[in-house]
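# Overview (structure and organization)
Spelled out, the chains give:
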Amino acid sequence: MASLQEQILPYEQEINSFNPANAADLEQFRIRFLGTKGIVKLLANEMKNVPPEGRREAGMLLNSFKQLAEGRYEQFAHLKDEGNANAAAIDTSLPGAPLPIGTRHPLRIVENRIVDIFSKIGFSVATGPEIEDDWHNFTSLNMPENHTARDMQDTFYVAQNPDWVLRTHTSSVQARILETTPLPVRVICPGRVYRNETISARAHCFFHQFEGLYVDKNVSFADLKQTLYYFVTEMFGPDTKVRFRPSYFPFTEPSAEMDISCTVCGGSGCSLCKHTGWVEILGCGMVHPNLLRNFGIDPEVYSGFAFGMGVERITQIKYQVNDLRLYSQNDVRFLRQFQGL
Ligand code: PHE
């Protein structure tokens, strides 16, 4: 039987003189030498007939033969692409596979819009922790322990004695600002808040708030009204009317709730305004003197206003979303409707 070297020799010549004209020639070459039943494999199978002392040398021979065949193949690999292009296997003029692009969440769209509106009149954005201590969420805001005002904002307790809660409003951020920032302050506080409520179309155990605070010398209720009127005009258009109703919040005195004329029916009565022509959008008032004292601010010298609204509520009115749960269900059929806003 011919030695391995003798067997390889004519193949080597064949490989060296191989000069394919096209991809089909190249493919034939691959099958003949490098395929699963190709010559390289066949010769490798013969290794078992080589006596042990000659195996090392035979292995090296076979290896360099294989590299020769592979090298020659690679040298002409460009033919494969040309072959494909010629056969129009790839039509580079076809549009690419579409990459789905997400949309901004409606609550984020509205929050960004509110930030824009208040930034224009000098409010800066402040944020704070969602897990809050009792002092910043309740006590410092004139809601002492066991005060009935706390009933309006039951929440989830993360720890007790001392109490840590999921914040019920972003007024807690206002408390932190008053504690650390020199006066005057003019901030808006967007963020997620929590309440212990049964989930329905009209209530949820979490929602998003947007609160504002302005403390300086000579801040009056007229400033509060004008600021909110400006906000409503920017957000809902110049024809929107505004009214204030007296209300109660522990952290403001006097306190009010603000309604706007119904943006859906224009005041003639519909389901959004429950046929009253008005929709409630926020709570507000003059910062309670006790609260200023809690932060070492003299209420004889300084005064301020605060307001707070639910971003879900503003979004509901603006885009007529009638079920709160839609905001957190991640249903793309709902979310896609806000594309491009
Ligand atoms: N923090 C109040 C709430 O969550 C809203 C509010 C803020 C009311 C500021 C008045 C002034 O209900």
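## Re the packing of helix α6 (residues 106-119) against helix α11 (residues 311-319)
Closest axis-to-axis distance for the α6/α11 pair is 9 Å, and the angle between their directions is 100 degrees. In terms of orientation, α6 and α11 fall into the roughly perpendicular class. Side by side, α6 and α11 meet where Pro106, Leu107, Ile109, Val110 and Glu111 of the first sit next to Val311, Glu312, Ile314, Thr315 and Tyr319 of the second. Residues of the contact of α6 with α11, tallied by class, amount to seven nonpolar, one polar and two charged.

## Considering the side chain of Gln153
Among the structural elements, Gln153 can be located in the loop between α7 (134-137) and β3 (157-159). The class of Gln153 is buried, set by a relative accessible area of 8%. One polar contact links Gln153 to Thr168, side chain to side chain, over a distance of 2.5 Å. Ignoring anything within four residues of it in the chain, the contact list for Gln153 reads Phe138, Met143, Thr168, His169 and Arg195.

## With respect to the pairing of strand β9 (residues 278-287)
Within β9, eight of the ten residues are buried, which leaves it mostly tucked inside the rest of the structure. In this sheet, β9 lies alongside strand β8 (residues 252-261) in antiparallel orientation, the contact comprising eight bridges. Bridge assignment links Glu257 to a residue of β9, and that residue is Gly283. When β9 meets strand β10 (residues 303-310), the two strands line up antiparallel, connected through five bridges. Paired with Gly285 across the two strands is Ala306, which belongs to β10.

## Structural notes on the site of the ligand
In the vicinity of the ligand, 14 residues are found, and the nearest of them are His169, Ser171, Arg195, Gln209 and Glu211. The contact in question runs from a nitrogen atom of the ligand to an N or O atom on the side chain of Ser171, over 3.1 Å. Across the complex, the protein chains shield 92% of the 320 Å² of accessible surface that the ligand would expose by itself. Looking at the shell around the ligand, the elements with two or more residues in it are β6 (206-216), β9 and β10. Among the elements that take part in the shell around the ligand, β10 stands out by supplying three residues, more than any other. Classifying every residue of the shell around the ligand gives five nonpolar, seven polar and two charged.

## Describing the domain arrangement of the protein chain
Assigned domains within the protein chain: domain 1 (2-88) and domain 2 (108-338). Taking the mean C-alpha position of each, domain 1 and domain 2 sit 77 Å from one another.

## Some points on the packing of aromatic side chains
Inspection of the entire model under this criterion finds 18 aromatic pairs. The interplanar angle of 20 degrees and the centroid separation of 5.3 Å between the aromatic rings of Phe118 and Phe231 together place this pair among those described as stacked. Residue Phe118 is located in helix α6, and its partner Phe231 is located in helix α9 (residues 221-236); the two are separated by 113 residues in the primary sequence. Each member of the pair, Phe118 as well as Phe231, is classed as buried. Ring centres 6.0 Å apart and planes at 75 degrees place the aromatic pair Tyr327 and Phe334 in the edge-to-face group. Relative accessible area serves as the criterion here: at 7%, Tyr327 is assigned to the buried category. Residue classification places Phe334 among the buried positions, given a relative accessible area of 8%. Aromatic rings pair up to connect Phe118, Phe123, Phe210, Tyr214, Phe231, Phe305 and Phe307 into one cluster. Cation over ring: Arg186 sits above Tyr214, and NZ or CZ is 4.8 Å from the ring centre.

## Here's the deal with the sheet that holds strand β7 (residues 242-249)
Pairing in this open sheet of seven strands is mixed, and the strands run β1-β5-β6-β10-β9-β8-β7 from one edge to the other. Each end of this open sheet is capped by a strand with a single partner; those strands are β1 (124-125) and β7. In this fold α6 packs onto β1, β5 (185-194), β6 and β10, with an angle of close to 5 degrees to the strand it touches most, β6.

## Focus: the nonpolar core
Membership of the largest hydrophobic core comes to 44 residues, with the highest contact counts inside it found for Phe118, Phe231, Ile281 and Phe307. When contributions to this core are tallied by element, the ones reaching two or more residues are α6, β6, α9, β8, β9, β10, α11 and α12 (332-335). For Phe118, the residues in contact, after removing those within four places along its chain, are Phe123, Ile188, Phe210, Thr227, Phe231, Phe307 and Met309.

## Re a nonpolar patch on the surface
A cluster of nonpolar side chains, Ile131, Val158 and Trp164, forms an exposed patch at the surface whose accessible area comes to about 280 Å². Along the chain, Trp164 falls in strand β4 (residues 164-166).

## Notes on the sheet that holds β4
Strand order across the open sheet formed by three strands is β2-β4-β3, with antiparallel pairing between neighbours. In this open sheet, the two strands that pair with only one neighbour each are β2 (131-133) and β3. For this sheet the average axis-to-axis angle between neighbouring strands, irrespective of direction, equals 35 degrees. Pairing of β2 with β4, which is carried by three bridges, proceeds in the antiparallel orientation. Along β4, the bridge assignment pairs Glu132 with Val165.

Analysis parameters
- Each residue is numbered by its place in its chain's sequence as written, counting from 1.
- Where local features are concerned, this predicted model is filtered to residues with pLDDT of at least 70; where side-chain atom pairs are given and counted, the filter is 80 or more; whole-chain, interface and lining totals use all residues.
- Each side-chain value is worked out from all heavy atoms of the structure, with water and hydrogens disregarded.
- Inter-axis angles, ranging from 0 to 180 degrees, are taken between N-to-C directions of lines fitted to C-alpha atoms, where helices are fitted over the stretch in contact.
- In this description a helix means any DSSP run of H or I spanning at least four residues, a strand means any run of E spanning at least two, and both kinds are numbered starting from the N terminus.
- If an angle is under 35 degrees, it is roughly parallel; if it is over 145, roughly antiparallel; if it lies from 65 to 115, roughly perpendicular; otherwise it is oblique.
- Two residues form a contact once any of their heavy atoms are found within 4.5 Å.
- For this classification, Asp, Glu, Lys and Arg are treated as charged, while Ala, Val, Leu, Ile, Met, Phe, Trp, Tyr, Cys and Pro are nonpolar and the rest, including Gly, are polar.
- Categorising residues by exposure relies on relative accessible area from a 1.4 Å probe, with only protein chains included: less than 20% of the type maximum marks a residue as buried, more than 50% marks it as exposed, and the intermediate range marks it as partly exposed.
- Throughout this description, a polar contact denotes any pair of N or O atoms lying within 3.5 Å of each other; where both atoms belong to protein, one of them has to be capable of donating a hydrogen while the other can accept it, and for residues adjacent in sequence the pair is counted only when both atoms sit in side chains.
- When DSSP finds two or more bridges between two strands, those strands count as paired.
- Whether a residue is near a molecule or strand depends on its heavy atoms: if one lies within 4 Å, it is near.
- Using a 1.4 Å probe, the Shrake-Rupley method yields the accessible areas, and only the shown protein chains count as cover for residues.
- Marked domain ranges trace back to an automatic or database domain assignment.
- We call Phe, Tyr and Trp rings a pair once their centres come within 6.5 Å, taking the six-membered ring for Trp, and we label the pair stacked below 30 degrees between planes, edge-to-face above 60, and tilted otherwise.
- The rule is short: NZ of Lys or CZ of Arg within 6 Å of the ring centre and within 35 degrees of the ring normal puts a charge over the ring.
- Here the nonpolar core consists of buried residues drawn from Ala, Val, Leu, Ile, Met, Phe, Trp, Tyr and Cys, with membership extended through side-chain atoms lying within 4.5 Å.
- A patch consists of residues whose relative accessible area exceeds 30% and which take part in no salt bridge; residues with like charges are grouped when within 9 Å of each other, and nonpolar side chains (Val, Leu, Ile, Met, Phe, Trp, Tyr) when within 5 Å.
- In what follows, salt bridge is the name for a side-chain nitrogen of Lys or Arg lying within 4 Å of a carboxyl oxygen of Asp or Glu.

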